[in-house]
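Tertiary structure, described
Listed below are the residues making up each chain.
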Amino acid sequence: MAAAGVRATRRRSGLSDAQFALTIVGAVILFNVVVIILPLIYSIWISLHETNVILRREEFVGGEHFAKLLADPAVLNAIGLSLKFTAVSVVLSLVIGLAIALVLNESFPGRAVLRALVLLPWAVSEVVTATMWIFIVNPTFGGLNGILAPLGIVSPSFDWLSERAAIYWVAVAFVWHIAPLGAFFFLAALQTVPADLYRAARIDRAGAIQRFFHITLPHIKYVVLIVLVVVTVEAFRGFDLVFAFTRGGPGTSTQIFPLLIYRYTFEFSQYGLAAAASYLLIGIALILTTAYFIVLTYRRKEVRTIRAVAVTMAPATAAAEAPA
Amino acid sequence: MSTVTIDDVVKSYGDVIAVDSLTLAIENKEFVVLLGPSGCGKTTILNMVAGLDVPTSGHIRFDGESVEHLPPERRDIAMVFQSIALYPHKNVYNNIAFPLRMARVPRSEIDSRVRSAAALLRIENLLDRRPHQLSGGQRQRAALGRAVVRNPAVFLFDEPLSALDAKLRVDMRLEIKKLHERLGATFVYVTHDQVEALTMADRIAVLDNGRLQQYGTPDEIYQRPANMVVAGFVGSPSMNFVPGRLDGSDGGWRFASEGLEVPLPAGMREHLPGGAGSEVVLGIRPEGAGLDGAAGGTGWVYATEPVGSDLFVDVSFGQPDALEPRLFKIRTRPDLRLRSGQPVAVTLPPEHLFFFEPAGRRIWPRDGGA
């Protein structure tokens, strides 16, 4: 119906194929300009100005906000926490995601059901995930203490979310949410490894671990790279889960960079500073992802195109969601 | 050195029996081809010999020792796959070196062995290329190199040439045969191509439906097929089969079928199990029958298929306008001029005749005799 309708419209309007293509592509470009490009440019403008909300006045300050941010210990602390949160999340989700995928790639009864179930945590929203983890780690009514305290492993009302440990718990909750996505990618990649390669390797006397490092890993290398980039960007600009879980606390022990930007915007109304901080965040994410590509694709020609695509995509998605 | 014995092996997957009570003895340094149509169980047998699959029952013995429960790495074997299965992320050198590295061979020895294997297969100049940069034939050579470098007692081949184009297949056929001569190892080779089997094998095991049909030299398989399955599968084009009856009503013994009567060869009568009227199937290879274009005949030319060196003529018996004509393929001289519908006489020399029971077993020629 839709296709026929399109064809009928085109016949009536008498557009050539090229005109038709330009029309529909143009509409999408226009939409993106309005929704992404213009706010992006506007946020650059904001970052270079000091906005006084009460007097409704804007004053050009140039790079002052950036200088101020880089000198602020609260900002450096938030960046440090973000890097820690990202590092823990990336490492754990890669290892766990790959482990899940390797298990699900084997054949066993109930595999199809399990494959569907494993993806569920990713489908659960981050706020719900956070709420669930609050129920798990809460000292008084939390499930973890409920299990461990009667066994004498921890004291009753043991506080899991101490200032030192909280950032790791937040990362664990985030891994619970994001690792299934990695597993999903890895599983798809694992299924493209030709079975004969494993058979050949067994004949060549390679053990299971050697088969993993000589066949599986080289084969799924680029998917690992993609998961690495996705999880890094997701973790580094992640806001919902941490906000819902701890609001940055206790103290500022989980106040990762996006949370700080949020506070600049909505608590302190420091729009210029917030916009500048958003660009700082994008910059760091960009450096990280570019570093992955350079390290993992060193002296490889085939992935040039992927690299270009990912580098252009990373700031766009980060900017779109960073509060400005 | 190694003999391979497959002893009463059964392999079933649920209700499906892939290999049914197979017994096969492969001598040391012998080149044995497992031949059969797809789905006949030949690859399953090879996988069990390799250790990639475990028999449901029965034994596989290397030099008399049961190995059916040993994993591949504990058998002295190398295998070449239909998909070639070179490691795509490694160059040719590292592909060939891989089994040696896994066996923890010293580095200096690895290098000399890889280079001599590469020299044997004439791929020294390709060692730093990766599989996707090689042609089909070069890949096949590299895969052979990876097998040869191990210096195993038994080489297993799973249809290694079926991915290659026709000309290359002929070249590689010869190469594998020479490789066998040079290495003096036991070769077990699976194929569905009867020409490959006939040209390379010391002995051929013909399989169908998971059962061994016949095990013998290429000559025996071709000259004395055990049954209609073997007779129909080996030889190209296939043997002609004509179902009919034995007729001895007026003294002389004849084979009679619709539109075709053949006097029986001398000495045959006393070896036939049934008397007059019993059903038999006459078989004759296209190259065994002859054609007399001049004489008024028993059949009609249905179609001709010139192949350059020969002319294959499809002769139809019975009604000329039958919807499904009974065809008989005959190889003749390429200079014979025939047109469709022309009546021809088919000559069936007694020394080239085969007779089978309707169930398939060969009853003529007798084993041993002429």
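Scoring rules and cut-offs
Per chain, residue numbering runs from 1 following the sequence as it is written. Chain letters and ligand numbers both follow the written order, the letters beginning at A and the numbers at 1. Per-residue local features of the predicted model are confined to residues with pLDDT of at least 70, and side-chain atom pairs are confined, for both listing and counting, to 80 or more; whole-chain, interface and lining totals are unaffected and use all residues. Numbering goes from the N terminus for both helices and strands, where a helix is a DSSP run of H or I of at least four residues and a strand is a run of E of at least two. Partly exposed residues are those whose C-beta has more than 12 but fewer than 20 other C-beta atoms within 10 Å; with 20 or more the residue is buried, with 12 or fewer it is exposed, and the C-beta atoms are placed from the backbone. Placing a C-beta atom from the backbone of each residue, one calls two residues in contact when those atoms lie within 7 Å. Note on definitions: a nonpolar core is a set of buried residues drawn from Ala, Val, Leu, Ile, Met, Phe, Trp, Tyr and Cys, linked by C-beta atoms within 7 Å. A domain assignment, automatic or from a database, supplies the domain bounds used here. Lys, Arg, Asp and Glu make up the charged group, whereas Ala, Val, Leu, Ile, Met, Phe, Trp, Tyr, Cys and Pro make up the nonpolar group; the residues left over, Gly among them, are polar. Here an axis means a line fitted to C-alpha atoms, over the contact stretch when the element is a helix, while the angle between two N-to-C directions is reported on a 0 to 180 degree scale. Should an angle fall under 35 degrees it is taken as roughly parallel, and over 145 as roughly antiparallel, whereas 65 to 115 is taken as roughly perpendicular and any remaining angle as oblique. In a left-handed crossing the near helix is turned counterclockwise from the far helix by less than a right angle, and in a right-handed crossing that turn is clockwise. At least two bridges found by DSSP between two strands are what make those strands a pair. pLDDT is a residue-level measure of predictor confidence that goes from 0 to 100. To estimate how far a helix should reach, multiply one less than its number of residues by 1.5 Å. The directions considered for the arc run from the helix axis to the C-beta atoms.

As a further point, take the overall build of chain B. Of the regular secondary structure elements, chain B holds 8 helices and 21 strands. By principal-axis analysis of the C-alpha atoms, chain B measures approximately 80 × 45 × 35 Å. Buried residues in chain B amount to 40% of all 370 residues. At a minimum sequence separation of 6, the contacts of chain B that also span at least 24 residues come to 65%.

Residues and elements named next belong to chain B. Core analysis: the largest hydrophobic core is formed by 110 residues, its most contacted members being Leu156, Val188 and Ala205. Per-element tally for this core: the top contributor is helix 2 (residues 92–102), with 6 residues. Counting residues domain by domain, this core receives three or more from each of domain 1 (4–233) and domain 2 (240–364). Other than its neighbours up to four places away in sequence, Val188 contacts Val4, Ile26, Val32, Leu34, Leu46, Val49, Val154 and Leu156.

If you look at the interface, chain A gives 14 residues, while chain B gives 16 residues. For the side of chain A that touches chain B, the secondary structure elements donating two or more residues are helix 10 (195–203) and helix 11 (208–236) of chain A. Ranked by residues supplied to the side of chain A that touches chain B, first place goes to helix 10 of chain A with 6 residues. For the side of chain A that touches chain B, the class distribution of residues is 7 nonpolar, 2 polar and 5 charged.

What follows is about the environment of Asn240 of chain B. Residues and elements named next belong to chain B. With respect to the helices and strands, Asn240 occurs in strand 11 (residues 240–247). With 49 residues separating them along the chain, Asn240 and Ala289 place their C-alpha atoms 9.5 Å apart. Setting aside anything within four residues of it in sequence, one finds Asn240 in contact with Gly283, Ile284, Pro286, Phe328 and Lys329.

Looking now at the packing of helix 2 of chain B against helix 3 (residues 107–120) of chain B. Residue and element names in this part refer to chain B. At a closest axis distance of 10 Å, the pairing of helix 2 and helix 3 adopts a crossing angle of 130°. In terms of orientation, helix 2 lies oblique with respect to helix 3. Where helix 2 crosses over helix 3, the handedness of that crossing is right-handed. Two secondary-structure elements touch here, helix 2 through Tyr93, Ile96, Ala97, Leu100 and Arg101 and helix 3 through Ile110, Arg113, Val114, Ala117 and Ala118. Here the residues of the contact of helix 2 with helix 3 are counted per class, giving 8 nonpolar, no polar and 2 charged.

Residues and elements named next belong to chain B. When its domains are assigned, chain B resolves into domain 1 (4–233) and domain 2 (240–364). Computed from C-alpha coordinates alone, the two centres of domain 1 and domain 2 are separated by 39 Å. Within the side of domain 1 that touches domain 2, the residues separate by chemical class into 5 nonpolar, 1 polar and no charged.

This brings us to the sheet that holds strand 18 (residues 326–332) of chain B. All names here are of chain B. Within the open sheet, the 5 strands sit side by side as 15-19-16-17-18. Their pairing is antiparallel. On the outer flanks of this sheet lie strand 15 (290–292) and strand 18, each paired with one strand and no other. Taking the axes of each pair of neighbouring strands and ignoring which way they run, one obtains an average angle of 45° across the sheet. When strand 16 (residues 299–306) meets strand 17 (residues 311–317), the two strands line up antiparallel, connected through 6 bridges. Within the sheet, the bridge partner assigned to Ala303 lies in strand 17 and is Asp314.

Moving on to the sheet that holds strand 5 (residues 65–66) of chain B. Residue and element names in this part refer to chain B. Spatial strand order, 2-1-4-5: 4 strands in an open sheet with antiparallel pairing. Of all the strands in the sheet, the pair left with one neighbour each is strand 2 (16–26) and strand 5. Looking at chain direction, strand 4 (residues 57–62) and strand 5 are connected through 2 bridges and run antiparallel. By the bridge assignment for strand 5, Phe62 is matched with Glu65.

Our next topic: the confidence of the model for chain A. Residues and elements named next belong to chain A. Residues at a pLDDT of 70 or more form 88% of chain A, whose mean pLDDT is 82. Of all the helices and strands in chain A, helix 15 (residues 304–321) carries the lowest mean pLDDT, 43, while helix 9 (residues 166–190) carries the highest, 92. In the model, residues 301–324 has pLDDT below 50 throughout and makes 42 contacts with residues more than four positions away in sequence or in other chains.

One can find Asp165 of chain B in the loop between strand 7 (154–158) and helix 5 (166–183). Separated by 155 residues in sequence, Asp165 of chain B and Val10 of chain B place their C-alpha atoms 35 Å apart.

With that settled, the discussion passes to unusual backbone geometry. Residue and element names in this part refer to chain B. Following Ser236, the chain continues to Pro237 via a peptide bond in cis, the omega torsion being -5°. Counting through the fold element by element, Pro237 comes out in the loop between helix 8 (228–233) and strand 11. Even without being glycine, Arg122 reaches a positive phi, approximately 55°. Structurally, Arg122 can be placed in the loop between helix 3 and helix 4 (136–148). At Asn209, a position not held by glycine, the phi torsion is positive, near 55°.

The axes of two packed helices give the description: the angle between them and the distance between them. Residue and element names in this part refer to chain A. Between helix 4 (residues 73–105) and helix 11, the shortest axis-to-axis distance is 9 Å and the interhelical angle comes to 145°. You can see that helix 4 and helix 11 cross each other, and the crossing is right-handed. Along its contact with helix 4, which presents Ser82, Phe85, Thr86, Ser89, Val90, Ser93, Leu94 and Gly97, the element helix 11 presents Val227, Leu228, Val231, Thr232, Ala235 and Phe236.

Residues and elements named next belong to chain B. Most of strand 3 (residues 31–35) is tucked away, with 5 of its 5 residues classed as buried. Pairing of strand 3 with strand 9 (residues 203–208) involves 4 bridges; the strand directions are parallel. Residue pairing in the sheet places Leu35 in a bridge with Val206 of strand 9.

A few words on the environment of Pro194 of chain A. Checked against the element boundaries, Pro194 of chain A lands in the loop between helix 9 and helix 10. For the pair Pro194 of chain A and Phe135 of chain A, spaced 59 residues apart in sequence, the C-alpha separation works out to 44 Å. Setting aside residues up to four positions removed in sequence, Pro194 of chain A forms contacts with Ser83 and Ala85 of chain B.

Looking now at helix 5 of chain B. Residues and elements named next belong to chain B. Along its 18 residues, helix 5 runs 26 Å from first to last C-alpha, staying within 8% of the 26 Å computed at 1.5 Å per residue. All of the buried residues in helix 5 are Met172, Ile176 and His180. Along the axis of helix 5, the buried positions cluster into a sector of 85°, meaning they face one direction only. Opposite the buried face of helix 5, by more than 90 degrees, sit the exposed residues Lys167, Leu174, Lys178, Glu181 and Arg182. Of the surrounding secondary structure, the elements contacted by the buried residues of helix 5 are strand 3, helix 4, strand 8 (186–191) and helix 6 (194–200). Immediately beyond the C-terminal end of helix 5, within one or two residues, lies Gly184, with a positive phi of roughly 60°.

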